[in-house]
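A closer look at the structure
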Amino acid sequence: MASAATAPPPPASLRRIVAASLIGTTIEWYDFFLYGSAAALVFNKLFFPNTDPLVGTLLSFVTYAVGFAARPIGALVFGHFGDKLGRKKLLVLSLLMMGGATFAIGLLPTYDTVGVAAPVLLTVLRLVQGFALGGEWGGAVLLVSEHGDAKRRGFWASWPQTGAPAGQLLATGVLSLLTALISDSAFTSWGWRIPFLLSGVLVMVGLWIRLSVDESPVFKEALARAEARKAAQGGASEKTPLVAVLRHHWRDVLVAIGARMAENISYYVITAFILVYATTSAGVSKQTALNAVLIASAVHFAVIPAWGALSDRVGRRPVYLLGAAGVGLWMFPFFSLIDTGGFGNLILAVTVGLVLHGAMYAPQAAFFSEMFATRMRYSGASIGAQFASVAAGAPAPLIATALLADYGSSTPIALYVIAAAVLTLIAVGVAKETRHRDLAHVEEDGTAGEQAAAARTADARPA
């Protein structure tokens, strides 16, 4: 029976919480994806001008990958304090850090102005972006998951996930509009700065909305119980969330890492690397490639809540497995359609790829939230998600570009994504179904925690 603290909030309150998480994640992903698009389109010329164009693109994607390297550190730091202090405070901080770094990129001098200092400064700001995003995702999905009711948790928790395609949509849309309105030379000279400077305005809007919501009731209840337990034990301190995660939930962390392999790699191949492949190998214009990603991102945004709702009915695992298998099977048709050079085929390739990706991404928020106990949930979900990003999303555009440079063919790239899909199918295939789990359950340290973890696993019922 649910406690008062975990009873579903009024619909208006829940919608406000969802809106706060969604708007915040949209802005953060806008900032992050904007960098990825700029890395593919202009950063190779502005910050690495004295190299072969494809090598310059590789170096540009190296700075892109650096942001991913900082995400696990952000996950550790934000996860620790998010489990200690609450979700809301850390979400406000992550938004400020991400927005500030993105705005600063828009003010950076280029290589022609300050030489090697330009790529160094760019890399530092990219590290700040990655650090902030490492803490954003876990807090945003937990804030919704811990407010919503269990029966529709997959649906409500999937809304912060739509922040990724919404951010992609916004970033690609702004870039597409600029490339349509101004010349290539003007865009390379000064136009690329506009989307980065726009981030400052967006952050102010996001902060205003995010500051208006309450802390997670599940977290507040868990914190009160922890304080009472500490007082009863004579002030004995709890284990840090990271230690507790590694002790009680290491298998869940491994499942989360495996589950993200296909989801993360396929996404960055479909949305970031395509800007390189379509323009260099398929002869498609930059504007055409951007427009295809723009249209597909809108569809992606629309289908994510539908996949989340389906996971409430049939379970997280079946929907996730469908997405992983689908992405793997789609890779060869994906590149074949792009190779035709037709705009319609390009839209079809990217849209189907993102719809299948959504089947993994939508249930992921609830799936990962349900794996971990409340006082270690921010740490566990963030660590599992962000450590995977180092092995998956970070090198994906870099590996794909290198494979294209070495082999001059899309076949190795398709096989690369297929291999990731196999890893995800194995990880999710051995996982337990989680959709019946109670997020209000609080595990204690020591034997009680181990017993609670075992009971939670035994109570999990497959769809």
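Quick notes on the rules
Every chain is numbered on its own, with residues counted from 1 as its sequence reads. Residues qualify for local features only when their pLDDT is at least 70, as the model is predicted, and side-chain atom pairs are given and counted only at 80 or more; totals for whole chains, interfaces and linings, by contrast, use all residues. Computation of side-chain values covers all heavy atoms of the structure but excludes hydrogens and water. A helix here means a DSSP run of H or I that spans at least four residues, while a strand means a run of E at least two residues long, and both kinds are numbered starting from the N terminus. It only takes one pair of heavy atoms within 4.5 Å for two residues to be counted as in contact. Two rings belonging to Phe, Tyr or Trp (six-membered ring only in the last case) form a pair when the distance between their centres is within 6.5 Å. Interplanar angles under 30 degrees mark stacking, angles over 60 mark edge-to-face geometry, and anything in between is tilted. Using a 1.4 Å probe on the protein chains alone, a residue whose accessible area is under 20% of its type maximum counts as buried, one over 50% counts as exposed, and one in between counts as partly exposed. Charge-over-ring contacts are defined here by two conditions on Lys NZ or Arg CZ: a distance within 6 Å of the ring centre and an angle within 35 degrees of the ring normal. For our purposes a nonpolar core is just a set of buried Ala, Val, Leu, Ile, Met, Phe, Trp, Tyr and Cys residues, chained together by side-chain atoms within 4.5 Å. For this analysis, a salt bridge means a side-chain nitrogen from Lys or Arg found within 4 Å of a carboxyl oxygen belonging to Asp or Glu.

A word on the environment of Gly106
- Structurally, Gly106 can be placed in the loop between helix 4 (87-105) and helix 5 (111-114).
- Remark: the alpha-carbon pair of Gly106 and Leu198, spanning 92 residues in sequence, is separated by 8.9 Å.
- Sequence-distant contacts of Gly106, that is, excluding residues within four places in its chain, are made with Arg193, Phe196 and Leu197.

Observations regarding the environment of Ala302
- Here Ala302 lies in helix 14 (residues 286-314).
- Along the sequence, Ala302 and Val355 sit 53 residues apart, while their C-alpha atoms lie 9.2 Å from each other.

Examining the packing of aromatic side chains
- Evaluated as defined, the whole model comprises 17 aromatic pairs.
- Ring plane angle 70 degrees and centroid distance 6.1 Å describe the contact between Trp159 and Phe301, whose orientation is recorded as edge-to-face. Here Phe301 lies in helix 14 and Trp159 lies in helix 7 (residues 153-161), a separation of 142 residues in the sequence.
- Given the relative accessible area of 22%, Trp159 is considered partly exposed.
- Ring centres of Phe367 and Phe368 lie 6.0 Å apart, and the angle between their planes is 40 degrees; on these two criteria the pair is classed as tilted. Taken as a pair, Phe367 and Phe368 share a single burial class, namely buried.
- Grouping aromatic residues by their ring pairs yields a cluster made of Tyr35, Phe43, Phe47, Trp192 and Phe196.
- The ring of Tyr35 has Arg126 sitting right over it, with the charged end atom 4.3 Å from the ring centre.

A short note on the nonpolar core
- Residues Phe43 and Phe334 are the most contacted members of the largest nonpolar core, which totals 137 residues.
- If one sorts the elements of this core by residue count, helix 13 (residues 250-280) sits on top with 18 residues.
- Filtering out sequence-adjacent residues up to four positions away, Phe43 remains in contact with Tyr35, Ala38, Phe48, Ser60, Ile105, Leu122, Trp192 and Phe196.

So, the pattern of salt bridges
- Scanning all chains against the criterion turns up 8 salt bridges.
- One salt bridge connects Arg87 with Glu146, and the closest N-O pair in it is separated by 2.8 Å. Here Arg87 is found in helix 4, whereas its partner Glu146 is found in the loop between helix 6 (117-145) and helix 7, with 59 residues between them in sequence.
- Arg87 sits in the buried class, given a relative accessible area of 0%.
- One salt bridge connects Glu263 with Arg260, and the closest N-O pair in it is separated by 3.0 Å. With Glu263 and Arg260 both in helix 13 and 3 residues apart, this pair spans about one turn of that helix. Comparing Glu263 with Arg260 shows no difference in burial state: the two are buried.
- Residues joined by salt bridges that share partners form a network here, namely Asp83, Arg87, Glu146 and Arg377.

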